[in-house]
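Observations on the model geometry
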Amino acid sequence: MDFKSIMCALFVVTVWGVNFSVIKLGLEELPPILFSGLRFLIVAIPAVFFIPFPRTSVLHVLGWVCFSVSSSLACYLLQWKMMPQQALPPYYFRHRWCLR
């Protein structure tokens with residue numbers, strides 16, 4: 001490996017190592033959801049300037065964004081479907097819960 005590659009690898013390792021300390025300090029002051037949102041916002045703002053926009057229409061990009069958001073929401077919906085599955089059988093089948 002050349003010197004530039006070694007320095008880039010050390011930089012990445014240093015940023016990842018410092019990240020845990022920053023998270024620990026940040027969670028002492030801010031709620032977890034707000035802190036996570038701020039971290040993503042801080043990373044997204046420079047990414048807008050460094051990552052070029054794809055050579056396609058804006059509708060295609062928005063379609064991919066909507067698709068990725070809807071697929072991640074689908075995971076949560078699949079997890080939440082367990083509650084109605086447990087609550088509805090006593091109503092529909094007149095079943096009573098009993099401990100044996």
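**Re the overall build of the protein chain**
- Helix and strand counts for the protein chain stand at four helices and zero strands.
- In sequence order, the secondary structure elements of the protein chain are arranged as α-α-α-α.
- The proportion of buried residues among the 100 residues of the protein chain is 2%.
- Just so you have it, the protein chain exposes about 9900 Å², and 75% of that area is on carbon and sulfur atoms.

**Structural notes on the environment of Phe53**
- With respect to the helices and strands, Phe53 occurs in the loop between helix 2 (32-50) and helix 3 (58-80).
- Discounting chain neighbours no more than four positions away, the residues touching Phe53 are Val58 and Val61.

**Concerning the packing of helix 1 (residues 3-29) against helix 2**
- It is at 10 Å that the axes of helix 1 and helix 2 come closest, and there the two elements cross at 135 degrees. As far as their axial angle goes, helix 2 and helix 1 are oblique. The hand of the helix 1/helix 2 crossing is right-handed. Residues Asn19, Val22, Ile23, Gly26 and Leu27 of helix 1 form the contact with helix 2, whose own contacting residues are Pro32, Phe35 and Arg39.
- Taken together, the residues of the contact of helix 1 with helix 2 break down into five nonpolar, two polar and one charged.

**Topic: a nonpolar patch on the surface**
- Residues Leu34, Leu38, Leu41, Ile42, Ile45, Val48, Phe49, Phe50 and Ile51 make up a contiguous nonpolar surface patch of about 1000 Å² in total accessible area.
- Assignment of secondary structure puts Val48 in helix 2.
- Classification of Val48 as exposed rests on a relative accessible area of 61%.

**A closer look at the confidence of the model for the protein chain**
- Considering every residue of the protein chain, the mean pLDDT works out to 80; 72% of them sit at 70 or more.
- Mean pLDDT across the elements of the protein chain ranges from a minimum in helix 4 (residues 82-93), with 68, to a maximum in helix 1, with 91.

Calculation rules
- Residues numbered from 1 in each chain as written.
- Predicted model: local features only at pLDDT ≥ 70, side-chain atom pairs only at ≥ 80, totals over all residues.
- Heavy atoms only, no water.
- Helix = DSSP H or I, 4+ residues; strand = E, 2+ residues; numbered from the N terminus.
- Buried < 20%, exposed > 50% of the residue type's maximum accessible area, 1.4 Å probe, protein only.
- Areas by Shrake-Rupley, 256 points an atom, 1.4 Å probe, with all protein chains shown as cover.
- Contact = heavy atoms within 4.5 Å.
- Axes fitted to C-alpha atoms, helices over the stretch in contact; angles between N-to-C directions.
- Parallel < 35°, antiparallel > 145°, perpendicular 65-115°, else oblique.
- Left-handed = near helix turned anticlockwise from the far one by under 90°.
- Nonpolar A, V, L, I, M, F, W, Y, C, P; charged D, E, K, R; others polar.
- Patch = residues over 30% accessible without salt bridge, like charges linked within 9 Å, V, L, I, M, F, W, Y side chains within 5 Å.
- Salt bridge = Lys/Arg side-chain N within 4 Å of Asp/Glu carboxyl O.
- pLDDT = per-residue confidence, 0-100.

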